[in-house]
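Structural overview for review
Residue strings, one per chain:
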Amino acid sequence: MTKNTHLAAGVALTLGIIRPETPTELAICLASASIGSVISDIDVSTSKSRKELNKILVISVITICVCVLIESILHIGILEMIQNQSNITRILLGFMMMLLICCFGVNTSHRTFTHSIVGVITLAGSVFVMLPDATFAFAVSMLSHILLDFFNTKKVQFFYPLKKPKICFKLCKANSPANKMIFVLSTIIVVIEIILFIWIHIIA
């Protein structure tokens, strides 16, 4: 699946499961899901690795900047939530943990460590250290990425470091019509979920 499809599907699934009730919860959910849904592909090998890593970094930076901008303009409570749940020491420690895990992941084969349950647990653990409320959304969206990759033609080593079983349904390729359909449907679902949130929790 392409980055856009992973991003749209991850956000759609995460919003559907978590169902945020406040603007703060929505912002944290969207930010965590956006990063979690693409971070697995830091392990992309070959000459595309730098390009893929840059895309993930761009998505992460944009997501954080949007949250900062929303908080500075609307004051929806993101800063207060961070102050209540975390501090600079926890944020730095969690960030260093994530950085070390990602450095390890970059040097593993594609669809092994960062596409495994071990990868989800360790990366979600680093998020928990930084901000507990962001952990579940991050983990759900990361799992959505891995589940989508099960349908591709390359095997996923979900139980890494065990070499078997590897999962591969061989139903579609990255740029197939199925990928485009999932992207379009997921994008529509995200738009509907956000409209429903605004209608139920802000307008009503």
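Above this text you will find the structure in question.
This is a predicted model, so every value here is computed, not measured. (Residues numbered from 1 in each chain as written. Predicted model: local features only at pLDDT ≥ 70, side-chain atom pairs only at ≥ 80, totals over all residues. Heavy atoms only, no water.)

It is worth spelling out the nonpolar core at this point. Of all hydrophobic cores here, the largest spans 33 residues; its most connected members are Ile39, Met98, Leu123 and Phe138. Elements supplying a minimum of two residues to this core: α2 (23-36), α3 (49-74), α4 (78-85), α5 (88-106), α6 (117-130) and α7 (135-149). It is α6 that provides the largest number of residues to this core, a total of 5 residues. Residues Leu26, Ala33, Ala137 and Phe197 belong to the second largest nonpolar core, which totals 9 residues. (Core = buried A, V, L, I, M, F, W, Y, C linked by side-chain atoms within 4.5 Å. Buried < 20%, exposed > 50% of the residue type's maximum accessible area, 1.4 Å probe, protein only. Helix = DSSP H or I, 4+ residues; strand = E, 2+ residues; numbered from the N terminus.)

Moving on, we get to the pattern of salt bridges. Taken as a whole and judged by the stated rule, the model has 2 salt bridges. Across the pair aspartate 149 and arginine 111 runs a salt bridge whose closest N-O atoms are separated by 3.5 Å. Here aspartate 149, found in helix α7, pairs with arginine 111, found in the loop between α5 and α6; they are 38 residues apart in sequence, far enough to count as distant. (Salt bridge = Lys/Arg side-chain N within 4 Å of Asp/Glu carboxyl O.)

Looking now at the packing of α5 against α6. Running from amino to carboxyl end, α5 crosses α6 at an angle of 165°, the nearest separation of the two axes being 7 Å. Comparing their axes, α6 and α5 come out roughly antiparallel. The way α5 lies across α6 gives a crossing that is left-handed. In this structure, α5 uses Arg90, Ile91, Leu93, Gly94, Phe95, Met97, Met98, Ile101 and Cys102 to contact α6, whose residues at the interface are Thr122, Leu123, Gly125, Ser126, Val127, Phe128, Val129 and Met130. (Axes fitted to C-alpha atoms, helices over the stretch in contact; angles between N-to-C directions. Parallel < 35°, antiparallel > 145°, perpendicular 65-115°, else oblique. Left-handed = near helix turned anticlockwise from the far one by under 90°. Contact = heavy atoms within 4.5 Å.)

Everything listed here is a matter of geometry and, on its own, says nothing about what the molecule does.
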